[in-house]
Structure formats: C-alpha cells, structure tokens
Amino acid sequence: MASFKPTKIPVYPKLGEKITEDTLYWKNYKVPVQIKEFGAVSNIDFSPVAPYNFAVTAFTRIHIYGSFSQEPVKTFTRFKDTAYCGRFRSDGQLLVAGCEDSVVRLFDVSGKVALRMFKGHTKAVHITDFTSDRYQILTGSDDYTCRLWDIPNAVELTSYQEHTDYIRCGVTSKLNRDLFFTGAYDHTLKVFDARTDKSVMSMDHGQPVESLLLYPSEGLLVSAGGRYVKVWDLLKGGQPLVSLKNHHKTITCLALSSNGQRLLSASLDRHVKVYSTTNYKVVHNFDYAAAILSLALAPKDESIVVGMSNSILSIKHRKNPEESKEVTGQQRRRPSYRVFVKGKNYIPKQDDYLVSKSVKQHLAKYDKQLKRFSVSKALDTALETSTRGRKPDIAVAVITELDRRGTLKNALAGRDEEQLSRLLNFLMGG
Amino acid sequence: MVEHRDVRVVYRGGSRINFREPVISNDSRFLLCAAGEFVKVFSTVTEECVHELRGHTDQVTGVLLRPSNHLQVYSCSADGTIRLWDFTDGILIKTYVVGYPIFSIYASPNHNDVVFVVTCVQNDKRAEMFQLVAVRLPRCADQRVDVPDLSAVLSDVSSNPAAVAFGRAGGFLASVKGLQMEIYFFKTSKSSRFFLKEDNKKGGRNTFTCVACHPKDDCVATGHEDGKIRLWRNFNHKKEYTYSILHWHHSAVSAVRFTPEGTNLLSGGVESVLVQWRYNQESQKDFLPRLGAAITHLAVSPDGALFCTSHSDNKITIIQSCVRVSAVIQGLVKGENVRTDLMVDPRSKALVLNGKPGHLQFYSLQRDKLLFNLDVVQQEFIHQSGLEQFQVVRAALDASGSWLATVEERKRDAADLELNLKLWRFDEQTQSFELNTTVAAPHEARITAACFDQAASSRTSTLVTSSRDGRFKAWRLAAPAHTDGDGPSWSCDFVGAYHGLVPGRCCFSADGSLLAVAFREVATVWSAASWELLTTLSQPPGDIRDLCFGRMSGSKYLLGTNENKMLLCWNLLSCSLEWSTSMDVRLLLPDPLSENMAAFCFQDGSTDLFVFGPGEPRPLFSQKAVCSGSVTRAVFAPREAELESCEESSQWLNRSQLYFLTQFMDLLTFSTRAEEEKLMAANKQLVIDDAVAMTPFHLLLGKHRRPEAASGLSAERTPPPHGSPAIKELLQAPAHVLPAASFLCSAFVKSLLVSAAGSSEESRPPEEETESEKEEEESDEETRTRISRPDQESRGARGGREAGGPALTKAQLRELRRIRKLDLGWLAGLMEP
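Source: prediction; values computed, not measured.

Enquirer: Tell me about the overall build of chain B, and name the residues and values.
Expert: Scanning chain B from terminus to terminus reveals 8 helices and 57 strands. For chain B, the share of sequence-separated contacts (at least 6 apart) that also reach a separation of at least 24 residues comes to 44%. Carbon and sulfur atoms form 52% of the exposed surface of chain B, whose accessible area is close to 38400 Å².

Have a look at this one:
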C-alpha cells in the first residue's frame, strides 16, 4: 500500500531577488536607526572631512549628527521659517542654508549664530552651495533667479534670471570654480559660467527637475525629475545618454556610491533603486516606510541616510566584517544538534536484529482533507494558510491539484458571500 | 518458428499475470496464476517465481485447485485442453482434451471428478454465445485423454469468469449476465431467474458485474456497474426473495468474494480500495486504500489467512487477513501503449519503459521481474475514469546511467498542454534516481524527441529535446548562477531552429561531437561544441522518420529512413548520399556495442528484420515475418556474457540481444541455438535444486546424502543389502505407524544378513547391477524431495520399492505415488525374504 503523496508546492523562482554581488553588498547593513525629526526631512549632506558628520535639514532646524551618535551633536535653530538645503563647505568648517524667508544664512559649524546673512532673493531659497574655490556661494530661489555671493563681503556678485520657474536644484563643479548647474521646474537644466553673464548650455529634461548630480569626472550630469532619471553627456554639448524610468512616482533625490560605480535614486514611491553606472540596470532595491525626500551616502558607503516625508530619518550603518563573522559563528554554535540525532546515527552490529518502525507521515491539513476527498474544506484550509502565512503558492498548488482531480467545480460550489469574498480577495491579491 | 534456422524468435516474459483470478494453495505457501501460455507458481513469502508450468499452446484461461488433492491443480486454456499439474514439482500429470476453447473453469465440492467449464457455443458463428458445460474427467492411466463426456448445464452465461459462482456445498450455481441472475439448483435441476430494471431513477446502472456465494449460508452477493453490492437471500422461493444493498464503491464493482468461513465479504473495483464488509454487520467496514491500480480479481486462500488482489497494472497483491499488504508480485506493466522508447539502464541492465501512469518501470530481462517503479510525476493518482492524468511521454538515459531525463505531459481539452521536463541524478547511496531539476514548460508544444549525448566520457553530457514548436533545445548541467544554489542544475544552453520547420528525431554521434536533427525532409548536422550548423542533407520527397549515426567502423555514416519508404545512408565525410534502398523501415536502431544496425520493415501485414552494417552492401541477417503486425519499439540489450558463436547468421547477437515489442505489447527476442542449449542445461540443474526446499533437515541430511550418492557411483561399488529401501523406510517411518517391534525384529535382523543367493558381486548379472544402481539414485532423489513433505514420504518409498520391476516407467511411478495414500505396503517387501 503506497502512502498518500502530498501536494507538491512548486517553487517559483523569485525574480529580481537573485543573489548577486550587489545584493550581498547592499544587504550588508545593520538594522536602520530611526530618528524622529520635527518635520519632513528635505536635505541631508555629509561633511567631506572626517569624522563625516552629516547635516539634516528638517522643518526650521538643521541637526548635525555624528557618524554613530543618535543624538544631534549640533543644532542650528536660528531660522524664522522652514530651512532648506544645509550644505557643508569642502573643508567642513562652514555650513550654508536657505530658508523659506528668502534669507541665506552661513554658519560656522562650531558656532551657533549665523556668520553672514545674504539678503537679496525675494522668495524662498531652496538651493545653496559653495563653489570649489570656497569663497563664493551659489543660491537658487523660487523667484526664478540664481545668484552668486561673495562670502567675505556678503555681497551679491551676479544674478542670472534665465529660468522661468522655481529653481529647485543645483550643484557647483568641484573642478572649476566658475561652473555651476541648476535645474528648475521649467523642465530645463542650465549650465552657467560665472565669467559670462549668460548660461552656456541648456538641456530639456521634460519634467520638473528635482535633483541634479555631477559625476566625479564631471563629464556626465544626472538629472531627476518626474519619474525619469536622465544622464547627460556634457562633453558632447549636453547630449542625452540614457533615460531611466524605474520608479512609479516622482524621483526626489540622487546619490552616487563612493566608488562611482553605482547610482542611487530615491523616490516618493518609497523605494531607493541602485543602478549600475556601466549598463544602467537596476541591481538592487531598498524599500522604506514612507515617501523619500532626501538620501545621502557616507564616504565609502559606510552608511545610508534617508529622510522621509513622515519626518523620520533612517540611518543604516554598514556591518563590520568582524561583526558579521561573529554572527555566523554564533549561528553555528546555536543548536545542540547532537541531541536531535542521538541514537539515530547508531550503526547496528552484525547480529543485531533490526526492528523497523514505520515512520508516521505528517501531512499538512489541506493534504489530510484532500486525502479524504473533502475538496471544499481543503480549498478553505489552503486559502486560510496562504493568507495567514503569506504563502500564495500553497493556495495556487491546491487549486491546481483540485483542477487536476477534476473537482474544482465541486470545491467552489455552494459558497456563501463571505467565503466567496475571501476567495476573490485572494485572487485579486488583496 | 523456423526450425532449420539458427536464430529464432522467442517469447520473453512480460505476460499478463492479472488475466485471471490467481489461486492460493491450501498451505498458503504458493500462489498460482495464469500468465500467457504458462501457469506461474509464485511463493507467497518471497514473491519469487518457483515454477513455470509449461505445456499449453494458447492463453491459459483458468487455474483451479483439484478439490480431491490439494497438491494438484487444473488449468484450462483457449487451446481446448485441461491439464492437471503437480505444482510443487512443476510436473504435468495429465492432459484432458476437450476440443473447444475454454474460457474459465470451476469445480464444486460435491461433484467428484467433474469440472465445469465455460466454452463458446458451437454451430453458432454469428453471435458469441457461451455456455457452462460439466466435464466428467475420465479416470485412466494415459497421459493424454480425450474427454467424451460433456453435458451442458447453463446455456447462456457470461464469458467473464467472475460471473459464475457455486453456492453452499455445491448445492446451487449462480450465474449473472447483463441484468439477470440465474440460480440453478443441482438437486432439482431447476433454475430460477431474477431480473433487475435497466436503470433506476437516480441513473444508476444495474448491470451485474460479478457474483459470489456465501460458503455457509444461502446468500448470494452480486456486484453492479454503479458500485452497489446486493446480497440476495431466500432465493429458493421464486416469489419471496429479498435483497439488501451495500453501497460504498463509486464505480463498477469488479470482484466480490466471501472469506471461507463466511464472516467477511471482500469487494474491490476501480477505486483500488479493498473493502472488507462484516457479514451481517455491513455498517462495519475495513478499507485497504491505495493499492496502486484498479482491482480486477480477488482471491482468498482456502484457510482464509491470505487474500490476494489482481490489479489492472499487472500486479498481484497478497494481503494478510488483518488487512495488511504482505507481498506484491509485479509483472511488466503494459499500458495501452509505450510512449517512451525502450531503453536499457546501463547500471542494472534493466529495460526501462513507462508503466503505471506517471511512473517509469525498470524491468529485469534476465529475471523477468519488475525491479522498481520510479515515480516521475509525484502526484497522488486519482482512480477515476475519464480523468486526464500526467503521462510520462519521453525518457532518456545517458551513457553511464547517472542521469535520466523524463518528459511528462498532460493534455486537457479546454486548456493548453502542461509539460514538465525533469532531470534525475542517480544517487549511489540510495541506489535510485533523485530529482535534480524540474523545468516547467520547456517547450511550447509537444516534445517529439529527447536524447542524451552518448559519449562515454567523464564530462557532463548534453540533453537535446526537440518539439513541435519548431525548436530544439540543448540542455547542459551548469554550476548555479547564484550563490544560494545547492548544487549544479540543468539549464538551457542553446535553442536551435531551421527555417521554421518542425524538428523530428534527433541523435548524437557516438563520440558526441555531432548532433543530427531531422527537420521534415532535411537532416541537419550541428556541431555539439559550438552549436554551429555544419551541413544539411536531404533526399526529398518524404519526411525523415528515423535518424541515427553509425557506430564504430561505420561512424562516418548517417542513416535515415523516410516516409517515402526509403532507407538512406549519407557519408558524412563527403556529405553525399552513399547508398539508398527502397524499404518501408518502421524502426531503425543501432547496436551500441557493434557497428550493426537493425531495421524493422513492415510489409504485407507482418514485419521483417534486416541486420546490416552501414558500410556493407549485404545484410548480415534477415528474417521475414518476425511477427504479425508492426513492431513498435525495439532495443539492443547488452549481454552479460559474450557468446562465442561462429555461425555468421548469429554473430550479430554475440554481444547484445535484440528485444522488441509488437503491436499487441508482447515482448519478444531473438535467441541463438547455442544460447538455448546453454539454457536447457542450466534449467535441468535448476529443477533438481529447486525441488528440495532448504529446510533444516535438508541441511542435515542433504549434505550427508550427496557424498553417499557420489560414493555409490564411484568405482568400488558395493551392492546394497537386499531390501535396503525397506530398511531405510523402517528407520525413517514414525514409530506410531509401525507394527509392534516384536513383529518386525526378526525380519529386520534377517534383512541385515547377506543372502546366500546374492552373496558375491561377481555372481550378479551386470544389467541387474546397473538397474539397482538406478534404483538407488532414484530412491535417493526421492528421499531428498521427500524430506520437506513428510506426507508424501511413504508414497514415494512405495514407488521406489515398486521400481524394482523394470517394466514401470518413471511417469507411471509418479502416477502411482500420487494415487496411493499412506500405506504400509513396503512392509510386505520386508516380510518376504
């Protein structure tokens, strides 16, 4: 008498969940530290010098966190309204920030009071940055202008009014002190040279531009706006190179991994996607709890900091190599396996008489019901276990088995509304 | 068969053992069943075939224990004879010639020397009518007896053997056919008939399928098409009969049977569940589910200790009365057709083909026994008619037997085809195949061929599947692409197509460097290393049916057959047609161990075989009309030991043997004369060895006896004392059956003395000496056989004693032995001198 053959649950290959070098690399982070801020986190910037503190701009404050502390090491609160875009200078000594009240403030990282206040914009300033010679500041504002300021004298040097909508992003070149790039809600990206009074290059993104990123070589410019990430070749006069559409909501932030091999994009759809910069394919994907507004990577990818619209700041630190090793070592030591196999690896001697004991076959509940040909019950059980355990493959396997037995109709017949709705819920993936 | 030939076609096992109900011997040690033209005797304990009773010339249609002697068995056959056998020794005792094909045989306990058989009604050619006939078996000493004495009992019976049963103490006879049951009372020679309506309201089908009678009670149980069992009582009075209904089966009941004491009723059907009902407490049931296939027959041993069920997958299950399976005798499973090719497993040398639904069977050709069934589909089989199940349609083994590829498919009318390709690795530890890779939907349409690269090298081999979707795919074992993988698995390496044509057969060359795929009428040759299309060969018109590379010295040839009845041979070096001939080749297959090819050609309703080398113009061997109908599958199986036959016509059979399956699913083979002679010699030895069961007594006495026998044959022959068998008998017979010691004493002492007449060796005439020698051998042999069966002992000795007269032949001796019961006749011999 053969025993009952349980229903085979087919193993479906998990698409996109293949374990590659990238998944290993990007999964090698600890459980995130979550910090509640006062409002939506609009900008995160890492200090370029050790110990790589980072400035988090949220509502009317800028907090500076140390790399491992969960309390801010420094707080700037002298804003009359929402602060924007707190950024470090390349020596990590100064910090600049825009504000809803159109005043740009410059802070000493060790001080509290603003060193300089740059007044001149007529609307909120969303973008501030230092030029590479460290003496000038770039700002971009909702009054459609972008300006260059002199730090020592606190005077405006130039003003460009070429954009026709809010300027929401901009970067300065790290190699040339005169070059800077801006993106605006008028769908354009513009390249300015401080030595001329007009933009030298203009590119059409096609969507309101939310974020800009410059490759370290500064040959390529990456822009994000709408659901698109576009890469532009600056050396070919602003020719579009690739257009990526992997998010299903507006992309808000871009970042580059420390070796320049991976590009990260964060979006309102709660995902951070990692692209390879060689073939621009998505190689990894992070999932967060809320819409992401800002994203930054520590040097050497030591931590990933993400700011969300629900004012949560999530910090993921990379696992130390020793630590990860320790974990596996613990796992190896954990179960006293010998207890379980006790007596089972006993080799009988030559004249021992073996009394064979029939091993009782353990069947899942739905299999027991299938064995008894109670098909409706089996379907119910399978639906219940798969919804509870989030294993839809069980229900699918049982439904296929019922179909094979030719009894799917019988199993579905005579159901009331509640049972039917459960079934429909399962089928529609609710 | 052709006598003058050196090579002849022989039937090679695999016959149906589920054709008729099996019989269990009185001591429950043996099970007898009809198997083709033989009756097979199996041991119920070891499941081994102990004897094959050969003699019938047509299908055996019934086996029946002789009521008056439980060590003898009747068998009837479609050749019109009833034969009586001693099944413990495997000897034919008598043949009764009836003259009409017999379909089943019955006996009743109160009719001595009468058997009842079902035969076809003569003089009525147009309609098949069967009648139950009583045959009085004449008592006479001849081996072959004509039976003159036939008397019809019932005129219109069913040909189904389960449709007739004898009632309590043989008092009446119940026969069912269609919607009527007829009960015939022997005492009054009257019969009463009971009718059922064709259909009841619920749409049940009331047709009778089988009948059984209670051994102690006037009760008849009948099975019906709709799964009901009716218990009929009080049928002696025509008007007042009653019946009760038992309903558990959901489709037709194929067998019902009462246990010998009448306490239980057994029933079985398509559900493959044995149901045991308590008689008079029918609500209590025991079930034995999942017996594997539909139950076709049921039998109960005379002591009630064992039941056995025959199943539609050519299997007999032996079940203890506590409803537990104790043994399974499995024959070659024959489905309606063999979808997979015949293959030979290189490890076990077993024939591999699809058997039970969803299984692959490994069948030992040497032992005519099923080795094991590999469950390919791994799904619970639902025994329900009209249900589409997964079928194994293709299978392929690689050269070393370490990889097996199977293709299973399931076709439903409404939905599309479900296909699975599975690859199995042979596990040395468990000695069976383990699933390695499952590829769901490997192709979009039916797979037409699957073959492994047969090169016997260490590197992993390649599998090629071709499909109706116009593509062929090459699969290779690859290291896992992801680090989480737990071992190498198979993945698609190459997808090939040729002008959108549908690929047919594919095959690898012997060294595995070339792959040939047939696309309609074009044979394409691909390099297996780079998957480049090297060349195309074609000989239109006619699609290519079969394709194979030559082996060994003929490896430069590619052979093909096409629909246009042509056999083609291309030379691969010149890429041109070497030769072609007009033949309707149905099957072309190469011998893996030589360069020979076998071609089965269909002509005028029968099949001819040609064996040839691809480079030679003359066929090595040809035989017309190998079998009637077409040959569907064939395979070359390597021999265990090479034959050294020097005759040219049989040389091709030296290394491997050719097996083939006919249209009617008979497994046939070719055997050479040398082989047969060898087999005969081996058989003789076997019979002697088999006759003696290995009991403790045999261990003690058998060893002791053999040197004795040897010394008896040696040069210094001392004549045995006169009457030595009698003395032996005296010493061996149990004390309580002997006369008083005082009565025997003087005679015994006297017998020990050397008589004056035969005092010296020289005075004995030489022929008498040889005679006594023979006698000695014979009696020795008999005592050996006797040891295991003490009740035969005295008879055997009696026979041995009687053999003193040279007039009696061996057969007569045996006859005597059977007839005479325990007596002390030998004492007379002791008293005489």
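Enquirer: Help me get a handle on the overall build of chain A, residues and values and all.
Expert: What chain A contains, in helices and strands, is 8 helices and 28 strands. Looking at chain A as a whole, 47% of its 430 residues are labelled buried. Within chain A, counting contacts between residues at least 6 apart in sequence, those at least 24 apart form 42% of the total. Carbon and sulfur atoms make up 52% of the accessible area of chain A, which totals about 23100 Å².

Enquirer: Pulling in residues and values, what's your account of the interface of chain A and chain B?
Expert: Taken together, the 15 residues of chain A in the interface contact 20 residues of chain B. Counting each side, the surface lost to burial between chain A and chain B is near 1700 Å², with a carbon and sulfur contribution of 50%. At the boundary of chain A with chain B, the tally comes to 1 salt bridge. Here A:Lys5 and B:Asp375 are joined by a salt bridge, their closest N and O atoms 3.1 Å apart. Our count for the chain A to chain B interface comes out at 6 residue pairs in polar contact (both at pLDDT 80 or more).

Enquirer: Describe the sheet that holds strand 5 (residues 49–54) of chain B, and please don't skip the residues or the numbers.
Expert: Residues and elements named next belong to chain B. An order of 2-3-4-5 is seen for the 4 strands of this open sheet, with the pairing classed as antiparallel. One side of each edge strand has no neighbouring strand; the edge strands of this open sheet are strand 2 (23–24) and strand 5. The sheet contact formed by strand 2 and strand 3 (residues 30–35) spans 2 bridges and is antiparallel. Considered in strand 3, the bridge of Ile24 is made with Leu31.

Enquirer: Lay out helix 6 (residues 392–405) of chain A with the relevant residues and their values.
Expert: Residues and elements named next belong to chain A. Here helix 6 is 14 residues long and its end C-alpha atoms lie 20 Å apart, about the 20 Å a rise of 1.5 Å per residue gives. Within helix 6 the residues assigned to the buried category are Ile394, Ala395, Ala397, Val398, Glu401, Leu402, Arg404 and Arg405. Gly406 lies just past helix 6 and shows a positive phi near 75°.

Enquirer: I'd like to hear about empty space enclosed by the protein, residue by residue, with values.
Expert: Summed over all chains, the structure comprises 4 cavities of 30 Å³ or more. Taken as a whole, the largest cavity spans an internal volume of roughly 70 Å³. In terms of lining residues, the largest cavity is bounded by A:Lys5, A:Arg404, B:Pro357, B:Gly358, B:His359, B:Asp375, B:Val377, B:Gln379, B:Glu380, B:Phe381, B:Gln389 and B:Phe390. When the residues that make up the lining of the largest cavity are grouped by side-chain class, the tally is 4 nonpolar, 4 polar and 4 charged.

Enquirer: Let's hear about the sheet that holds strand 35 (residues 391–397) of chain B: which residues, and what values?
Expert: Residue and element names in this part refer to chain B. The strand order across the open sheet built from 4 strands is 35-36-37-38, with neighbouring strands paired in antiparallel fashion. Unpaired on one side and paired on the other, strand 35 and strand 38 (432–440) mark the two borders of the sheet. Neighbouring strand axes in the sheet, compared pairwise and without regard to direction, differ in orientation by 25° on average. Of the strand pairs in this sheet, strand 36 (residues 403–410) and strand 37 (residues 418–427) are connected by 8 bridges, and their pairing is antiparallel. When the sheet's bridge partners are listed, Trp403 is paired in strand 37 with Arg425.

Enquirer: Which residues make up the pairing of strand 22 (residues 251–256) of chain A, and what values do they have?
Expert: Residues and elements named next belong to chain A. Burial runs high along strand 22: 6 of the 6 residues are buried. As paired strands, strand 22 and strand 23 (residues 262–267) are joined by 5 bridges and run antiparallel to one another. Bridging from a neighbouring strand, Leu256 pairs with Leu263 of strand 23. Here strand 22 hands over to strand 23 after 5 residues, with Gly260 in that stretch at a positive phi of 75°.

Enquirer: I'd like a description of the pattern of salt bridges, backed by residues and values.
Expert: Per the counting criterion, the structure on display carries 46 salt bridges over all chains. Among the salt bridges present, the one from B:Glu409 reaches B:Arg339, with a minimum N-O distance of 3.3 Å. Note that B:Glu409 is positioned in strand 36 and B:Arg339 in the loop between strand 30 (324–330) and strand 31 (343–344), a separation of 70 residues in sequence. Judged by its relative accessible area of 6%, B:Glu409 is buried. On the basis of relative accessible area, B:Arg339 is assigned to the partly exposed category, the value being 27%. A salt bridge links B:Asp493 to B:Arg476; the nearest nitrogen and oxygen atoms lie 3.1 Å apart. Here the residue B:Asp493 occupies a position in strand 42 (residues 489–496), and B:Arg476 occupies one in strand 41 (residues 472–478), the gap between them amounting to 17 residues. Owing to a relative accessible area of 23%, B:Arg476 belongs among the partly exposed residues under this scheme. What emerges from the salt-bridge pattern is a single network uniting A:Asp133, A:Arg177, A:Asp178, A:Asp193 and A:Arg195.

Enquirer: Mind laying out a nonpolar patch on the surface, listing which residues take part and the relevant values?
Expert: Together, A:Tyr337, A:Val339 and A:Phe340 make up a nonpolar patch on the protein surface, roughly 380 Å² of accessible area in all. The residue A:Val339 is located in helix 3 (residues 337–341) in this model.

Parameters at a glance
Residues numbered from 1 in each chain as written. Chains lettered and ligands numbered in written order. Predicted model: local features only at pLDDT ≥ 70, side-chain atom pairs only at ≥ 80, totals over all residues. Heavy atoms only, no water. Helix = DSSP H or I, 4+ residues; strand = E, 2+ residues; numbered from the N terminus. Contact = heavy atoms within 4.5 Å. Areas by Shrake-Rupley, 256 points an atom, 1.4 Å probe, with all protein chains shown as cover. Buried < 20%, exposed > 50% of the residue type's maximum accessible area, 1.4 Å probe, protein only. Buried area = accessible area lost by both parts, 1.4 Å probe. Salt bridge = Lys/Arg side-chain N within 4 Å of Asp/Glu carboxyl O. Polar contact = N/O pair within 3.5 Å; in protein donor to acceptor, adjacent residues only side chain to side chain. Pairing = 2+ DSSP bridges. Expected span 1.5 Å × (residues − 1). 1 Å grid on protein atoms, 1.4 Å probe; cavity = no way out; pocket = protein on both sides within 12 Å on 5 of 7 lines; lining within 4 Å. Points joined across faces, edges and corners; volume = space filled by probe spheres on them. Nonpolar A, V, L, I, M, F, W, Y, C, P; charged D, E, K, R; others polar. Axes fitted to C-alpha atoms, helices over the stretch in contact; angles between N-to-C directions. Patch = residues over 30% accessible without salt bridge, like charges linked within 9 Å, V, L, I, M, F, W, Y side chains within 5 Å.

In short, shape yes, function no, at least from these values alone.
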